Amino acid sequence: MEILPMEPPEARSCVINWYKSLLDDADPEVAHEYEVSRDRLLHDMSTRQTLAELSQTPLLCAMLSALYSAGCLDSAPETRTDLYQQVVGALVFRRDQARLAWHKDSSMFVGRERIQVLQAIARTMTDKSLSVIPIWRVRPGQIAGPVAAVDVVESRLQTMPTASVTAHEALSHLVNRSCVFRDVGAGEGQFVHRTFQEFLAGQEYAYIEDIDTLLDHAHLPSWRNTVVFAAGTCGRAGASRLVKGLAALAAKRRPERREILILMAECIGSAGPLDDDAATAARALVPEVLPPRNHAEGESIASLGDELVSWLGTCDIPDIEALRASLHACGIVGSARAMAVVHRFSQRPEANEAAEDFLRLWQRFDPVTYATSVLANLDFGNRKIVIGSPRALPGVASLQGARRFRVDIPTVDLRFLGTLPDLEELDCRAANLVTADGIDGVPRLERLDLSMNPHLHDISLVKAVEGLQELNLTGCSALGDLSALVGLRRLRALSVSGCSAVVDFSFLPRLSQLRTLWLNDCTITSLSALRQLEDLRSLFADAAEPIRELGDLTSLSRVRTVVRSC
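Described below are features of the structure shown in this document. Because the structure is a prediction, the values reported are computed rather than measured.

Once that is clear, we can look at the overall build of the protein chain. Secondary structure assignment for the protein chain yields 21 helices and 12 strands. Within the protein chain, contacts between residues separated by at least 24 positions form 46% of all contacts whose residues are at least 6 apart in sequence. As presented, the protein chain carries roughly 25700 Å² of accessible surface, and 49% of it is formed by carbon and sulfur atoms.

Of the two faces of strand β5 (residues 404-407), the one holding Phe405 and Val407 is buried and the one holding Arg404 and Arg406 is not buried anywhere. Pairing between strand β4 (residues 385-387) and β5: three bridges, direction parallel. Directly across from Ile385, in β5, lies its bridge partner Phe405. In the sheet, β5 pairs with strand β6 (residues 425-427) via three bridges, with the strands oriented parallel. Looking at β6, one finds that Phe405 is bridged to Leu426.

So, about the nonpolar core. Counting residues in hydrophobic clusters, the biggest one holds 182 residues, and the most contacted among them are Phe196, Phe358, Phe405, Leu426, Leu494 and Leu519. When residues of this core are assigned to their parent elements, the largest contribution, eight residues, is made by helix α14 (residues 257-270).

Turning to the environment of Ile260, a few remarks are in order. Following the sequence through the fold, Ile260 ends up in helix α14. The spacing of Ile260 and Ala248 is 12 residues in sequence and 9.9 Å in space, taken between C-alpha atoms.

Overall, the coordinates contain 10 aromatic pairs when judged by the stated rule. Where Trp518 meets Phe540, the ring centres are 5.5 Å apart and the plane angle is 10°; that geometry is what we call stacked. Of this pair, Trp518 sits in strand β10 (residues 516-518) while Phe540 sits in strand β11 (residues 538-541), and the two are 22 residues apart along the sequence. Here the aromatic cluster, defined as three or more aromatic residues joined through ring pairs, consists of Tyr84, Phe196, Phe199 and Phe229.

We now examine unusual backbone geometry. Note the cis peptide between Leu290 and Pro291, where omega equals 0°. Unusually for a residue other than glycine, Ser129 sits at a positive phi of about 55°. Along the chain, Ser129 turns up in the loop between α7 (111-127) and β1 (133-134). Exposure remark for Ser129: the relative accessible area of 67% places this residue in the exposed category.

According to the stated counting rule, one finds 30 salt bridges in the structure shown. A salt bridge links Arg258 to Glu297, with the shortest nitrogen-to-oxygen separation between them at 2.7 Å. You can see Arg258 sitting in helix α14 and its partner Glu297 sitting in helix α16 (residues 295-301), a full 39 residues away along the chain. Residue Arg258 shares its accessibility class with Glu297, and that shared class is buried. Here Lys384 ties to Glu425 by a salt bridge, and the two come within 3.1 Å at their closest N and O atoms. You can see Lys384 sitting in the loop between α21 (367-373) and β4 and its partner Glu425 sitting in strand β6, a full 41 residues away along the chain. In this structure Glu425 comes out as buried when scored by relative accessible area, which is 13%. Through salt bridges that share partners, Lys384, Arg404, Glu425, Asp427, Arg429, Glu446, Arg447 and Asp449 make up one connected network.

Rules of the game
- Residues numbered from 1 in each chain as written.
- Predicted model: local features only at pLDDT ≥ 70, side-chain atom pairs only at ≥ 80, totals over all residues.
- Heavy atoms only, no water.
- Helix = DSSP H or I, 4+ residues; strand = E, 2+ residues; numbered from the N terminus.
- Contact = heavy atoms within 4.5 Å.
- Areas by Shrake-Rupley, 256 points an atom, 1.4 Å probe, with all protein chains shown as cover.
- Buried < 20%, exposed > 50% of the residue type's maximum accessible area, 1.4 Å probe, protein only.
- Pairing = 2+ DSSP bridges.
- Core = buried A, V, L, I, M, F, W, Y, C linked by side-chain atoms within 4.5 Å.
- Phe/Tyr/Trp six-rings, centres within 6.5 Å; stacked < 30°, edge-to-face > 60°.
- Salt bridge = Lys/Arg side-chain N within 4 Å of Asp/Glu carboxyl O.

Put into structure tokens, the structure is as follows:
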């Protein structure tokens, strides 16, 4: 059985639900700290590609939530290597510290020793192209057969003169307590995430300065991450030798030249300063692979940071796919210089074809500046703009040409809309609204969905939207006063199903153009007032209480459907 990776919305829900169990039982001060750490994790997941990748695994998503809640991780590490050092270090060592979970074996087996043992296991598995490894020997004293993790640990401990644990104690601790290497059944062990094995193996190759092995395998996709992680930890001399070796390899292996040069760019971004020869080779060769052709290449070369941005800003963008990949890379970099390049991209003739890609970057930059300098240059037409991050809210009012919005995040009211003269449709389903304050800033709105907001109790300002044609209030159970709807003379479709607090429906006859009306699960006992709605075509009135008075509805001869509770 294989556990499929979670999609970003699923990972986000996993984090929210994990924290909910903490918040339900926490006092107000502690609850606020949990909310801050939860929001920081959600932000980092949406802006850091590597963290998003880790959060796709349910176990790691839960572990990241635990580590953030305990303050075991610093926010937004500079590089991918830095992030893995923090995550692996927290899982291997600081988790026990935070929980004060000290045992005899853990107090004798210190953090650095645990990392060194895991590095040895990772390198052995990588050398032998293994994704799983036997944990113990099949029989005590067995020599023949496949290498077992316990053999690797024993061999490593012999090179560590200060270690005071046996191979069995060390391996038992790592399997049972580290959350990095685990027993997957049938006596086999595996790193909890493939990239953990790649990171630890890369650190091992860097530590023993085995650059030759890295170069021998650099053309293989399965070794890419290991090579990059090694570049991030092997020091100036090792990184320079690796970069020069990759340049030479690219010259020899013409069919894989582009892939090798992209790998070299990743290594440059992961490493620190290089020697003069390696830096010269980098400057000459990296522009050859720009712009990126797809998202995967964009993610790879984004490790170059602002140096990449400088190159991207001057290179030719041949087609829409290259534009999308370049935007993706700029979003990962996320700097002021990156946004300046995105601004130039937004002025290109084909920019509107990549409108969704521009929107995805909204949360990566200052929301107001990005909206005014980038999004304002695009024609979204009838495309629905989805607001999926709280960071985007301050920039919404800057999108003066927007016609359709969907709000996918909790928000108390609608004042973030500001004044949007062209907005025609607003979808705020299940947005946790309390009031509709701010709706008066969109006077030309035609379609409004406020359904499934059980705490919404005030929509008085809806009366300012006189051109409204469709209004959905389904499930707004706290809403008791609908008198503000009286002035909506152009309203053609209305749902108040589930508005159980409403007892006064005298406003309905004033909605003279109403054609479709939902009254399901409402506290209404008489439909007699509806006989004045001559344009009504569809009526759904499966009321919460028996309807005692139907009234004279013969004038509604054109009504196609009546569902009633009598």
